[in-house]
Amino acid sequence: MKRILLGALAALMLGGAAPAAAAVKVVATLQDLGAVARVVGGDAVEVEVLCPGPTDPHYLPAKPSLARTLGKADLLLYNGLELEIGWLPSLIKKARNPRVQPGQRGELDCSAALQNVLDVPDGPVDRGQGDIHPLGNPHYTLDPLAMAEVAHIVAHRLAELDPDHAADFAARADAFAADLQARVPAWREAVADARRGHVLLYHQTWTYLVHWLGLDVYGEIEHRPGIAPSPKHVQAVIEQGRALGDVIVVAATWSHLDVARQTAERLGAPLAVLPASTGAEDGVDSYVELIDTIVGRLAAAAAERGTP
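Calculation rules
- Residues numbered from 1 in each chain as written.
- Predicted model: local features only at pLDDT ≥ 70, side-chain atom pairs only at ≥ 80, totals over all residues.
- Heavy atoms only, no water.
- 1 Å grid on protein atoms, 1.4 Å probe; cavity = no way out; pocket = protein on both sides within 12 Å on 5 of 7 lines; lining within 4 Å.
- Points joined across faces, edges and corners; volume = space filled by probe spheres on them.
- Nonpolar A, V, L, I, M, F, W, Y, C, P; charged D, E, K, R; others polar.
- Helix = DSSP H or I, 4+ residues; strand = E, 2+ residues; numbered from the N terminus.
- Contact = heavy atoms within 4.5 Å.
- Pairing = 2+ DSSP bridges.
- Axes fitted to C-alpha atoms, helices over the stretch in contact; angles between N-to-C directions.

Draft legend 1. Spotlight on empty space enclosed by the protein. The tally for this structure, following the rule as stated, stands at one cavity of 30 Å³ or more. When its residues are assigned to classes, the lining of the largest cavity shows nine nonpolar, eight polar and one charged.

Draft legend 2. Quick look at the environment of L70. Note that L70 resides in helix α3 (residues 64–71). The sequence separation of L70 and V100 amounts to 30 residues, and the corresponding C-alpha distance is 8.2 Å. Ignoring sequence-local partners within four residues, the contact set of L70 consists of V27, L76, L88, L91, I92, A95, N97 and V100.

Draft legend 3. Looking closely at the sheet that holds strand β6 (residues 217–220). Ordered by their spatial adjacency, four strands build an open sheet running β6-β5-β7-β8, and the pairing between neighbours is parallel. Looking at which strands have only one partner, the edges of the open sheet turn out to be β6 and β8 (271–274). When strand polarity is set aside, the average angle formed by the axes of neighbouring strands in this sheet is 25°. Across three bridges, strand β5 (residues 198–201) lies against β6 in parallel orientation. Pairing of L201 across the sheet is with E220, part of β6. Running over the sheet, helix α10 (residues 257–267) touches β5, β6, β7 (247–252) and β8 and is turned about 175° from β7. Contacts between helix α11 (residues 287–305) and the sheet are confined to β5, β7 and β8, with β8 contributing the most and set at about 175° to the helix.

The following block contains the structure:
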């Protein structure tokens, strides 16, 4: 023992560096939240994500491997608004990790950053209405201004877990938020032609996106969220779209694209298939790349709509 202590003392006297502080282990439910954690945390965090980018987060299987991942977490970041209600509570239970239990410092509902939740139901909700979220639409990660606020609450919680890097976390969150805010006018301008027409959504995934972009949505192909649309409803939205004219159909890469394509063809409208998450496809590896890709495809669809 004496030899070990003398060796350690000698190393310090010779200028040996003290061991680096362990990185905060962050587990995010969604790729978008993981992307923000990597930007804000920098080298002081290790980030793993439970839901792959190409997967619809409503329906992620609660695999034992995901529970093991969550069992190592110092901080759990989740979307909230019951988006992960079908699988996250089960994983938290199986993980047996006291740090990420509800109410603990290692658990962060990122929807707490929202100033305005969209599509909050007015009355009682039941399963017969489809995949209705009683707390409101959970797909806020497609709003860059909301994600700017998410970055700030992530920085604050990381600072509680790792006070030595608090200033770095805050500075990175400020820079990320400022970058997004600076890009929003150009993103909006890029879809100016799309604003002159109308949009038909496959699912309410895109509600926050079309809200901040100022697009006019006249309906959804899904009459009840998460339930395959009836032929009668599809025919109704097609007839409405034909009467309006200048329509773009929007669907996620994980949507039932056969129905979306058929609807667009019958409408004579372009179909914009958009990645709904960071990592949903190659070349969409950061949050800025996600929004760039979405905006670019909407602009291309608007140009196609205007071609005789």
